[in-house]
Amino acid sequence: MKKIIALILASIMITACTACDPKAGVNDVTPPPSSSTQAGTVVDNLPTAGLNNTLEPTETFFVPEPTVMTEKTPDANTSGTDNSKPFEKGAYASTFVKTPEKAAFSSPGYMGYTIANSVKDLEDYMEKFGSMFDFDSEFKAQIKKYDESFFEAKSVILIMHEEAEGAGSGRVKTVEQFDDYVAISLVCDTNWASYSDPSSVKREKWHCIIEMNTDDIINNDVTVFEFE
């Protein structure tokens, strides 16, 4: 009787040890989680931001640093003088000219900005938008100095600008050269946020005229920003 009991106990122990053997019942055993010491990969089957749990960007983006151009005082508005001498590289001059809006006009399209590289370009500009603005005021007097000698090395950028009546002309904040374009930032003299209904404010139209070396106008491409 004792031998039978001993045999039964031995059989139970052998069965228990067999179940503990990792080689037995392979399909019933869950493999240990994978691990890695490489940053930004999977550790313990969970995504990680890096070894020290710090964020690691997948890409590095290059942000170009612009070249800030230098403003100079525009030459006196006199015709018949030699205007062919270019500015020093990276310099520009700016003038604001009040350009009254006509009471009745038919606009051939919104201007945005226009680059004039010749006297004819200026004439074409005035012809195209003559129904919109009174160019016979200060505008024509200002552009008299832009003769063919001026356009030998320089160009003119024309930007329509708007202010509340009596507020002032505004100003050029910065002119910046990027790798493939020029960015011009204008600042308003009008605090438009101070009006409860800006659309009801009586306005005056101005032209911002920027003189610049033709070679400094990258790709003949300009972006204009306006700030209050």
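Residues numbered from 1 in each chain as written. Predicted model: local features only at pLDDT ≥ 70, side-chain atom pairs only at ≥ 80, totals over all residues. Heavy atoms only, no water.

**Describing the pattern of salt bridges**
- Evaluated as defined, the whole model comprises 10 salt bridges.
- Here Lys205 makes a salt bridge to Glu101, at a shortest N to O gap of 2.9 Å. Taken together, the positions of Lys205 in strand β10 (residues 203-213) and Glu101 in the loop between β5 (91-98) and β6 (113-116) put the pair 104 residues apart, joining distant regions of the chain.
- Judged by its relative accessible area of 10%, Lys205 is buried.
- Classification of Glu101 as partly exposed rests on a relative accessible area of 38%.
- Here Lys205 and Glu162 are joined by a salt bridge, their closest N and O atoms 2.6 Å apart. Here Lys205, found in strand β10, pairs with Glu162, found in strand β7 (residues 154-164); they are 43 residues apart in sequence, far enough to count as distant. (Salt bridge = Lys/Arg side-chain N within 4 Å of Asp/Glu carboxyl O. Helix = DSSP H or I, 4+ residues; strand = E, 2+ residues; numbered from the N terminus. Buried < 20%, exposed > 50% of the residue type's maximum accessible area, 1.4 Å probe, protein only.)

**A look at the confidence of the model for the protein chain**
- On average, residues of the protein chain score 79 in pLDDT, and 68% of them reach the 70 mark or higher.
- Contacts of residues 14-29 to residues separated by more than four positions or lying in other chains number one contact, the stretch itself having pLDDT below 50. (pLDDT = per-residue confidence, 0-100. Contact = heavy atoms within 4.5 Å.)

**Quick look at the pairing of strand β8 (residues 171-177)**
- As defined by bridge partners, strand β3 (residues 67-68) adjoins β8 across two bridges and the pair is classed as antiparallel. Opposite Thr67, over in β8, you have Gln177 as the bridge partner.
- When β8 meets strand β9 (residues 182-187), the two strands line up antiparallel, connected through six bridges. Pairing of Arg171 across the sheet is with Val187, part of β9. (Pairing = 2+ DSSP bridges.)

**Let's talk about the sheet that holds β5**
- Reading across from one edge, β4-β5-β10-β7-β6 is the order of the five strands in this open sheet, with mixed pairing throughout. This sheet does not close on itself; its edge strands, each paired only once, are β4 (70-72) and β6. For this sheet, the mean inter-axis angle between neighbouring strands, taken without regard to orientation, is 30 degrees.
- In this structure, β5 lies alongside β10, joined through seven bridges in antiparallel fashion. Bridged to Tyr92 within β10 is Met212.
- In this fold helix α2 (residues 119-128) packs onto β6, β7 and β10, with an angle of close to 150 degrees to the strand it touches most, β6. (Axes fitted to C-alpha atoms, helices over the stretch in contact; angles between N-to-C directions.)

**Here we look at the sheet that holds β9**
- The four strands are arranged β3-β8-β9-β11 in an open sheet whose pairing can be described as mixed. Looking at strand neighbours, the two that pair on one side only are β3 and β11 (222-227), the edges of this open sheet.
- Bridge analysis of β9 against β11 gives six bridges, and the strand direction is parallel. By the bridge assignment, Leu186 is partnered in β11 with Glu226.

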